Amino acid sequence: MKNLVIISGAGISAESGVPTFRDSDGLWCNHRVEDVATYTAWEKNPKLVQDFYNERRKQVLSVEPNAAHFAITELQNHFNVQVITQNVDDLHERAGNTNVLHLHGNIRYAKSSNPDLAWAGMSATVFEEHYLILGDTINYPEDTAPDGFPLRPDIVWFGEAVPAIIDASEIVKTADIIIVVGTSLQVYPAASLVYDAKNWVPIYYIDPNPGDITIANEVNYIKEKASVGFDKIKETLISLK
Ligand code: OAD
């Protein structure tokens, strides 16, 4: 079977009711990144940061995967599918997508807020433990990691390293077909992943308001919502299998 690599962003979860970041009703229109999504914000006001992600976790747990997530499950019958997502929700997994790499972490998990880990970057000597959160809330400061530091959301904040980018890049190099879906391609290093593709690999970019991919590869823009976009390209994709 051919390798189909899907690079997803917040737009694939929009039809489930999860807000995106940079659209007019997006999260970053109502919150300053510097207040909630950096380690400095955590040092300044951990309770505010924790509350922000507790709210987001509650929301993720209250919604369901949509037709786009399920379309990927169906494509698994025809391709070796690998999803690389910037999303911290678990809707891909709940729809039955089996190979999912989270570039920016997973809101269902927590990790130690030990500052040595936060600043450790890509150091291979540091091993981070990830803990599944059983309810929907991490209580600050009561909930602590075994090292004694309060638990923080298992999310990559701005300014932090993205260790999963190394595996993601290797996966993109093996792709026979790439689908980019629901991402503005504004955030690096995720936005640069497509440039790791072999130059004969076709790229399908499903997004009502796509960003720009300037690349030698054939890029097919499908300016639709994710569910409609997957429906439109399904037959074409299957003919390529
Ligand atoms: P953005 O909010 O930047 O982009 C969302 C994209 O989804 C836009 O291009 C929209 O046009 C598109 N979109 C909106 N509704 C859609 C729908 N129904 N179907 C398909 N596409 C739709 O979100 P990301 O690109 O995912 O990181 O943002 C990347 C990262 O920035 C996030 O992972 C997050 C954020 O800061 C962290 O928080 C670590």
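Up top is the structure.
Residues numbered from 1 in each chain as written. Predicted model: local features only at pLDDT ≥ 70, side-chain atom pairs only at ≥ 80, totals over all residues. Heavy atoms only, no water.

A. How the structure looks around the site of the ligand. Taken together, the neighbourhood of the ligand is formed by 23 residues, with Phe21, Arg22, Thr183, Ser184 and Asp207 sitting nearest. His104 is positioned such that a nitrogen or oxygen atom in its side chain is 2.8 Å from an oxygen atom of the ligand. The separation between a nitrogen atom of the ligand and a polar main-chain atom of Ala226 is 2.9 Å. Taking 800 Å² as the accessible area of the ligand by itself, protein coverage stands at 94%. Tallied by class, the residues present in the shell around the ligand amount to nine nonpolar, nine polar and five charged. (Near = heavy atom within 4 Å. Polar contact = N/O pair within 3.5 Å; in protein donor to acceptor, adjacent residues only side chain to side chain. Areas by Shrake-Rupley, 256 points an atom, 1.4 Å probe, with all protein chains shown as cover. Nonpolar A, V, L, I, M, F, W, Y, C, P; charged D, E, K, R; others polar.)

B. Summary view of the nonpolar core. Leu103, Ile178 and Val180 are the most contacted members of the largest nonpolar core, which has 25 residues in total. Among the secondary structure elements, those contributing two or more residues to this core are strand 1 (3-8), helix 9 (165-173), strand 7 (177-181) and strand 8 (203-206). Here this core takes four residues from helix 9, the largest share from any one element. Val180 has contacts with Ile7, Leu185, Val194, Ile203, Tyr204, Tyr205, Ile206 and Ile213, leaving out every residue within four places of it along the chain. Val81, Ile179, Tyr204 and Phe230 belong to the second-largest nonpolar core, a separate cluster that totals 20 residues. (Core = buried A, V, L, I, M, F, W, Y, C linked by side-chain atoms within 4.5 Å. Buried < 20%, exposed > 50% of the residue type's maximum accessible area, 1.4 Å probe, protein only. Helix = DSSP H or I, 4+ residues; strand = E, 2+ residues; numbered from the N terminus. Contact = heavy atoms within 4.5 Å.)

C. Spotlight on unusual backbone geometry. With an omega of 5 degrees, the peptide bond between Tyr140 and Pro141 qualifies as cis. As for its position among the elements, Pro141 is in the loop between strand 5 (131-132) and strand 6 (151-155). The omega angle of the peptide bond from Tyr188 to Pro189 is 5 degrees, so this bond is cis rather than trans. One can find Pro189 in the loop between strand 7 and strand 8. With a phi close to 55 degrees, Leu185 is a non-glycine residue in the positive phi region. When you line up the elements, Leu185 lands in the loop between strand 7 and strand 8.

D. Representation of the packing of aromatic side chains in the model. Tallying each qualifying case throughout the model produces nine aromatic pairs. With a centroid separation of 6.0 Å and an interplanar angle of 35 degrees, the aromatic rings of Trp42 and Trp157 are classed as tilted. One end of the pair, Trp42, is in helix 4 (residues 39-44); the other, Trp157, is in the loop between strand 6 and helix 9, with 115 residues separating them in the sequence. With a relative accessible area of 6%, Trp42 lands in the buried category. For Trp157, a relative accessible area of 2% translates into the label buried. Between Tyr205 and Tyr221 the ring centres are 5.7 Å apart and the planes differ by 40 degrees, which places this aromatic pair in the tilted class. Of this pair, Tyr205 sits in strand 8 while Tyr221 sits in strand 9 (residues 219-222), and the two are 16 residues apart along the sequence. Ring-pair connections join several aromatic residues into one group, and the members of that group are Phe21, Trp28, Tyr39, Trp42, Phe52, Tyr53, Tyr140, Trp157 and Phe158. For the cation-ring pair, Arg152 lies above Trp157, with the distance from its terminal atom to the ring centre recorded as 3.8 Å. (Phe/Tyr/Trp six-rings, centres within 6.5 Å; stacked < 30°, edge-to-face > 60°. Lys NZ or Arg CZ within 6 Å of the ring centre and 35° of its normal.)

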